[in-house]
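Summary of structural features
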Amino acid sequence: MKAPARHILLNPGPATTTDTVKFAQVVTDICPRESEFGEVMTSVSRRLSAIAGDPEKIDTVLFGGSGTAAVEAMITSVPLDGPLVVVDNGAYGARMAQIARAAGVTHFVFQSSPVAAIDLDALEGFASVHKAKYLAVVHHETTTGLLNQLPPLGRLARKLGMELLVDAMSSFAAVPIDILKDGVHYLCSSANKNIQAMAGVSFVICRADALGRLDPARSRSYYLNLRAQHDYFRKAGQMRFTPPVQAIYALQQALTELESETVAGRHRRYLDMWRLLNQGLLDCGLSRLVADENHGGLITAIEEPDWPGYSFERLHDFMKQRNFTIYPGKLGNQTTFRIANIGAIGVADMAEFVRLLKQFMAAARS
Ligand SMILES: *Cc1c(COP(=O)(O)O)cnc(C)c1O
């Protein structure tokens, strides 16, 4: 089979994949209830746990579905014994609050700046007043590229006796995380961002002791019941419902590639691309929304210039014809576009993108 043409995705996921990951999906038909497939899922889930810390103390529960499925499994299954505080500093924090509302989870929303660090004293006061038992945050806000530091949030959660729930969709496998050291109880992500695999598999990485305390009978979701999914998998070596078989084979291959690069190595590669991008933005006279000290270095929201030749559609189409896909912004009142430097791409790709960006912007200014 011939490899398909290479196209570079600079949208914030799904990310560009290697040909080996693409081809890993072409397998002999298999019934996912056969034990061989159970072994594949067991190993995938254990390898995901190992990325998040000591796999002996962590259980990773797989779901078929995009990333939001894992977030919804976490928000509907975990906060059973008291109020949840959700930090909203971007579209994905707001989404967790929407999930809580839809499921009837008692929750309070802590609004925080989309471009600056969370005010931890204010959050502590807010969580105390509401007698919160659970705290939910987005690790890396894909809306802006803002990185919420986990260790101080973990310490705050411990101090107030809360469990910490994290949406790490766009940081996991790029930013090194140790959920046990960072004080995280549940963390969710998906296959198709920094893991560089296919869309369709998402997962919740759980501290085994916390997961053990959950009551499957009280989850507010039937399909996305975290503890029921875990218990069934333990008992039967199967997902409760049909898994995305081929996407799981791709994930298995992507994990092999991640383990050989290592999370630290992947982080360095991404940051090397980010530095190139930043220099390019400066050279073009474009500004970023989030300053260096709060930036994750993975996804950059850029203020749209008011130059006569600029419109997002024009830039998008110019880049698309030249083999790069870029993405619009997602922040309420501010007009931005976003560039992600994640996926199976390298500095040569980013250098080419920056060259084209300069060419486009120089023409757009005049
Ligand atoms: C990508 C992403 C999600 C999930 O989005 P899906 O479209 O459901 O895959 C959730 N949270 C964050 C922070 C994300 O970046």
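Just so you know, these numbers come straight off a predicted model, no measurement behind them. (Residues numbered from 1 in each chain as written. Predicted model: local features only at pLDDT ≥ 70, side-chain atom pairs only at ≥ 80, totals over all residues. Heavy atoms only, no water.)

**Quick notes on the overall build of the chain**
Put simply, the test is: Runs of H or I in DSSP of at least four residues are treated as helices and runs of E of at least two as strands, each being numbered from the N terminus. Throughout, the radius of gyration refers to the C-alpha atoms, and the reference size of a globule is 2.2 Å times the residue count to the power 0.38. Here the term buried applies to any residue with accessible area under 20% of the maximum for its type, exposed to any over 50%, and partly exposed to those in between, with areas from a 1.4 Å probe on protein chains only. Here, two residues are considered to be in contact whenever any of their heavy atoms come within 4.5 Å of each other. To measure how exposed things are, a 1.4 Å probe is used in the Shrake-Rupley method; for residues, cover is taken only from the protein chains shown. As used throughout, the charge tally considers Lys and Arg to be positive and Asp and Glu to be negative, leaving His and the chain termini uncounted. A charge is said to be at NZ when it belongs to Lys, at CZ for Arg, at CG for Asp and at CD for Glu.
Scanning the chain from N- to C-terminus turns up 13 helices and 14 strands. For the chain, the C-alpha radius of gyration of 21 Å lies close to 21 Å, the compact-globule estimate for 366 residues. Based on the C-alpha atoms only, the size of the chain along its principal axes is roughly 65 × 55 × 30 Å. By the burial criterion, 57% of the 366 residues in the chain qualify as buried. Here the analysis covers contacts within the chain between residues at least 6 apart in sequence; of these, 71% occur between residues at least 24 apart. Here the chain has roughly 14,900 Å² of accessible surface; of this, 53% comes from carbon and sulfur atoms. Each charge sign in the chain was given a centre, from 37 positive and 36 negative side chains, and these centres are 1 Å apart.

**Quick notes on the site of the ligand**
Rules: Residues are classed as near a molecule or strand on a simple rule: at least one heavy atom within 4 Å of it. Any pair of nitrogen or oxygen atoms within 3.5 Å is treated as a polar contact; in protein, a donor-acceptor pairing is required on top of that, and neighbouring residues in sequence qualify only through side-chain atoms on both sides.
Taken together, S66, G67, T68, Y92, R95, V138, H140, T142, D167, M169, S170 and K193 make up the full set of residues near the ligand. Between the ligand and S66, the relevant distance is 2.5 Å, taken from an oxygen atom to a side-chain nitrogen or oxygen of the residue. At 2.4 Å from an oxygen atom of the ligand is found a side-chain nitrogen or oxygen belonging to T142. With the chains in place, 85% of the 390 Å² that the ligand exposes on its own is no longer accessible.

**Re the packing of helix α10 (residues 245–261) against helix α11 (residues 263–284)**
Let me state the cut-off plainly: Between N-to-C directions, angles cover 0 to 180 degrees, with each direction set by a line fitted to C-alpha atoms, over the stretch in contact for helices. Put simply, angles under 35 degrees are roughly parallel, angles over 145 are roughly antiparallel, angles from 65 to 115 are roughly perpendicular, and the rest are oblique. Polar here means any residue outside two lists: the nonpolar Ala, Val, Leu, Ile, Met, Phe, Trp, Tyr, Cys and Pro, and the charged Asp, Glu, Lys and Arg; Gly therefore counts as polar.
The contact between α10 and α11 brings their axes to 6 Å, and the two run at 85°. Between α10 and α11, the angle is such that the two are roughly perpendicular. Between α10, through E257, L258 and E261, and α11, the contact on the second element is made entirely by V263, G265, R266 and R269. Here the residues of the contact of α10 with α11 are counted per class, giving two nonpolar, one polar and four charged.

**Regarding the state of the cysteines**
Working definition of a disulfide: a covalent bond connecting the sulfur atoms of two cysteines. Which entries qualify depends on this criterion: For the purposes of this analysis, a disulfide is any pair of cysteine sulfur atoms at a distance within 2.5 Å.
A complete count under the given rule lists zero disulfides for this structure. Of all cysteine sulfurs, the one in C188 lies closest to C206, which takes part in no disulfide; the gap is 9.3 Å.

**Some words on the sheet that holds strand β2 (residues 58–64)**
Cut-off, in case you're wondering: Two strands are counted as paired when DSSP detects at least two bridges linking them.
Reading across from one edge, β2-β10-β9-β8-β5-β3-β4 is the order of the seven strands in this open sheet, with mixed pairing throughout. With one partner strand each, in any of the chains shown, β2 and β4 (107–111) form the two edges of the open sheet. Averaged over all neighbouring strand pairs, the angle between strand axes comes to 20°, with direction disregarded. Here strand β3 (residues 84–88) pairs with β4 via five bridges, running parallel. Across the sheet, residue V87 finds its bridge partner in β4, namely F110. The sheet strands contacting helix α2 (residues 35–52) are β2 and β10 (201–207), and the helix crosses β2 at an angle near 125°. Sitting on the sheet, helix α9 (residues 226–236) touches β2, β9 (186–190) and β10, and the angle it makes with β2 is about 100°.

**Structural notes on the side chain of S171**
Tracing the backbone shows S171 in the loop between β8 (163–167) and α7 (179–182). Residues contacting S171, with those up to four places away along its chain left out, are H139, H140, I177, N194 and L298.

**Considerations on the pattern of salt bridges**
Condition: The term salt bridge refers to a side-chain nitrogen of Lys or Arg lying within 4 Å of a carboxyl oxygen of Asp or Glu.
Overall, the coordinates contain 18 salt bridges when judged by the stated rule. A salt bridge links R213 to E163; its shortest N-O distance comes to 2.8 Å. With a gap of 50 residues between them, R213 in helix α8 (residues 208–213) and E163 in strand β8 connect regions that are remote in the sequence. Between D231 and R227 there is a salt bridge, with the nearest N and O atoms lying 2.8 Å from each other. Linking D231 with R227, this pair stays in helix α9, spanning four residues, or about one helical turn. For D231, a relative accessible area of 29% puts it in the partly exposed group. Through salt bridges that share partners, E261, R266 and R269 make up one connected network.

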